[in-house]
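Residue strings, one per chain:
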Amino acid sequence: MDGNCPARQLKVSLADANAIVSQEELAREAIKHALKALRKRHLLEEVAHAPAYIALSRPIIFQGSEWKEKAENLELELQQCYKAQSRLSEQLVVEVAESRASKAALEEKETAFTDLQKELAQTRDECSQLKVDLEEKIKALELVVSENHSLRKQLEEMIVKAKNAEAENKILVDRWMLQKMQDAERLNEANALYEEMVDRLKASGLEKLAQQQVDGVVRQSEDGAECFVESTVPAACKRKITAHEGGCASIMFEYNSSKLISGGQDRSIKMWDTNTGSLIRTLYGCLGSVLDLSLTHDNRSVIAASSSNNLYVWDANSGRVRHTLTGHIDKVCAVDVSKISSRHVVSAAYDRTIKVWDLQKGYCTSTIVFHSNCNALCFSTDGMTICSGHVDGNLRLWDIHTGKLLSEVAAHSLAITSICLSKNGNVVLTSGRDNLHNLFDMRSLEVCSTLRATGNRVASNWSRSCMSPDDNYVAAGSADGSVYIWSISKADIVSTLKEHTSSVLCCSWSGLGKPLATADKNGIMYTWA
């Protein structure tokens, strides 16, 4: 609307201009006719009126030129108006096209808006449906939760009932097991009593066979005398055996055999044939250094005391571990088996305890606690008494059943390192760090004899000495590598054996009378004959 207003005004001004021009033309023509008439009529007066004519014609001419200029200006304005009109028309065309495009876009948007409204309506419907479903699910969940709570309460009640039933069942099982154990104990006690009676009968027979004459020879008229012969004084090295790495702390012969058993710091137990020096079998399973060895009187089981705080029991024939006896809380340094039964074992450890074990049951039956650690121990011949040698230098006797101290004696000024019982069980040999070897009467604990030697120095707290099977000689190792042999009757040295290059830790005499075996800190064993 605003763009068309200048054009209309331009058209009105042009019409006015044309009307003015036509009036001027008519006026001119009238003036011309009037001039001709005046010229004709007043030809004479023309000269007179020339100045007036000139004066009259000058304004008209001047006014016509002004009108002409105005017309030209109006034409120029008209042209400019046409140009503006053309530009406006082009703009109008562009705006129309843009309007159409906007209209099309608007229609598309309206269509999309309609579609979105439809989708929104559909989504609202779905949302309302989902709300309905959610409400149903919530109701179902609440129902399930309530059922769960009720089930939990029932489960807790059932658990309480089950625990009560389990406790009652455990009590019944414990009662049943206790009854079974009591029955088994009664049966084992009956069997043990029977075995002890049989073993005592056998031991009494062997004790009679072991009664020796003054010269140490068994009476040949007695049955079984061929198992006991006169011991000979060893004078020369028979065989050298490299047995263990890191030292050999314990050796012993099988009963009435030349087979030798050794235990060392390499955690192994080895069985040797001393006639040939060959290795028969190696027993594995020990988790610490072997500090002491013992053997049942039937040669079927080997027991080792270990620095791993445990005792290990092997089957000598199969080489398998039968038991691992646990209960000590420090290294076990001594072990022995009853002379009349293969069932009872006694051990000593550096936890200040002495424990009695039942090999049939595989556990400790009693414990003796004392203020001084025990370095060595052994059973009496009747299996009723335990002899123990302690760090405080005292020799003590204990009742195996009650664990009571029967008697004690100050045997050495320093720690006792070894205890060895004679064949007849009447004399016990003790060795100490005071470098003395004492023989005590088992019945009175009086000193029968004291053995000493210049240069003889006990090497460690667990240096083991031994007596010959005929109870005539004592053998003990020294820290300088020497082995000293004393005659008990003479209380003097009868032989000194020198082959070891390090401290001798243990000695063992074969029950056949020979050979004597010794072992040192380097793990080397020698047999002497």
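Conventions adopted
Residues numbered from 1 in each chain as written. Predicted model: local features only at pLDDT ≥ 70, side-chain atom pairs only at ≥ 80, totals over all residues. Heavy atoms only, no water. Helix = DSSP H or I, 4+ residues; strand = E, 2+ residues; numbered from the N terminus. Buried < 20%, exposed > 50% of the residue type's maximum accessible area, 1.4 Å probe, protein only. Contact = heavy atoms within 4.5 Å. Patch = residues over 30% accessible without salt bridge, like charges linked within 9 Å, V, L, I, M, F, W, Y side chains within 5 Å. Areas by Shrake-Rupley, 256 points an atom, 1.4 Å probe, with all protein chains shown as cover. Salt bridge = Lys/Arg side-chain N within 4 Å of Asp/Glu carboxyl O. Pairing = 2+ DSSP bridges. Axes fitted to C-alpha atoms, helices over the stretch in contact; angles between N-to-C directions. Polar contact = N/O pair within 3.5 Å; in protein donor to acceptor, adjacent residues only side chain to side chain. Phe/Tyr/Trp six-rings, centres within 6.5 Å; stacked < 30°, edge-to-face > 60°. Lys NZ or Arg CZ within 6 Å of the ring centre and 35° of its normal. Disulfide = S-S within 2.5 Å. pLDDT = per-residue confidence, 0-100.

*Asks:* Residues and numbers for the overall build of the protein, please.
*Replies:* Counting secondary structure elements, the protein contains two helices and 28 strands. The 529 residues of the protein split such that 39% are buried. Taking contacts inside the protein between residues at least 6 apart in sequence as the whole, the part at least 24 apart equals 46%.

*Asks:* Provide a residue-level description of a nonpolar patch on the surface, including the pertinent values.
*Replies:* Together, Leu141, Val144 and Val145 give the surface a local cluster of nonpolar side chains, amounting to about 250 Å² of exposed area. Inspection of the secondary structure assignment puts valine 145 in helix H2 (residues 43-210).

*Asks:* Can you tell me about the sheet that holds strand E14 (residues 374-379), naming the residues and giving the values?
*Replies:* Read from one edge of the open sheet, four strands run E14-E15-E16-E17, paired in antiparallel fashion. Pairing within the sheet leaves two strands with one partner each, and these edge strands are E14 and strand E17 (405-410). Across this sheet, the average inter-strand angle for adjacent strands is 20°, counted without regard to direction. Here strand E16 (residues 394-399) pairs with E17 via five bridges, running antiparallel. The partner of tryptophan 398 across the bridge, within E17, is leucine 405.

*Asks:* Outline the sheet that holds strand E8 (residues 311-315), listing residues and values.
*Replies:* Spatial ordering of the open sheet is given by E6-E7-E8-E9, a layout of four strands whose pairing is antiparallel. Edge positions in the open sheet fall to strand E6 (290-295) and strand E9 (321-325), since each of these has one partner strand only. Ignoring which end each strand starts from, the neighbouring axes of this sheet average 20° apart. As paired elements, strand E7 (residues 301-306) and E8 share five bridges and run antiparallel to each other. When the bridges of E8 are listed, serine 301 appears paired with aspartate 315.

*Asks:* Could you give me a rundown of the side chain of serine 468, with the residues and numbers involved?
*Replies:* Along the chain, serine 468 falls in the loop between strand E22 (466-467) and strand E23 (473-477). For serine 468, a relative accessible area of 1% puts it in the buried group. Engagement of the side chain of serine 468 in a polar contact is seen with the backbone nitrogen of asparagine 472, the distance being 3.1 Å. Those residues in contact with serine 468 that lie beyond four places of it in its chain are Ser231, Tyr473 and Trp509.

*Asks:* Provide a residue-level description of the environment of serine 278, including the pertinent values.
*Replies:* Mapped onto the elements of the fold, serine 278 is located in strand E5 (residues 278-283). The class for serine 278 is partly exposed, based on a relative accessible area of 33%. Between the alpha carbons of serine 278 and isoleucine 241 there is a distance of 8.5 Å; along the sequence they are 37 residues apart. Apart from residues no more than four positions distant in its own chain, serine 278 is found in contact with Met271, Trp272 and Asp273. Here the side chain of serine 278 touches threonine 276 through a polar contact of 2.8 Å, side chain to side chain.

*Asks:* Can you break down the pattern of salt bridges residue by residue, with the values?
*Replies:* Under the definition given, this model contains six salt bridges. With its nearest N and O atoms 3.1 Å apart, the salt bridge here joins aspartate 336 to lysine 339. Look at aspartate 336 and you get buried, because its relative accessible area is 11%. Its relative accessible area of 31% is what places lysine 339 among the partly exposed residues. Across the pair arginine 443 and aspartate 441 runs a salt bridge, and its minimum N-O distance is 3.3 Å. Look at the salt bridges and you will find they share partners, linking Asp392, Arg396 and Glu408 into a network.

*Asks:* Break down the packing of aromatic side chains for me, with residues and values.
*Replies:* The tally for this structure, following the rule as stated, stands at six aromatic pairs. Seen from their ring centres, tyrosine 526 and tryptophan 528 are 5.8 Å apart, and the 35° between their planes marks the pair as tilted. Tryptophan 528 shares its class with tyrosine 526; the two are buried. For lysine 331, the ring lying beneath its charged end belongs to tyrosine 350, and the centroid distance is 5.3 Å.

*Asks:* Which residues make up the state of the cysteines, and what are the values?
*Replies:* Per the counting criterion, the structure on display carries zero disulfides. For cysteine 387, which is in no disulfide, the shortest distance to another cysteine sulfur is to cysteine 378 and amounts to 4.3 Å. By relative accessible area, cysteine 387 is classed as buried at 0%. Here cysteine 420 stays unpaired: no disulfide links it, and the sulfur of cysteine 466, its closest cysteine neighbor, is 6.3 Å away.

*Asks:* Account for the confidence of the model for the protein, naming residues and giving values.
*Replies:* Per-residue confidence for the protein gives a mean pLDDT of 85; residues scoring 70 or more make up 84%. Note that pLDDT drops below 50 for residues 212-227; the model gives that stretch 25 contacts with residues more than four away or on any other chain.

*Asks:* Provide a residue-level description of the pairing of strand E10 (residues 332-337), including the pertinent values.
*Replies:* Most of E10 sits out of view: six of its six residues are buried. When E10 meets strand E11 (residues 344-349), the two strands line up antiparallel, connected through five bridges. Along E11, the bridge assignment pairs valine 337 with valine 345.

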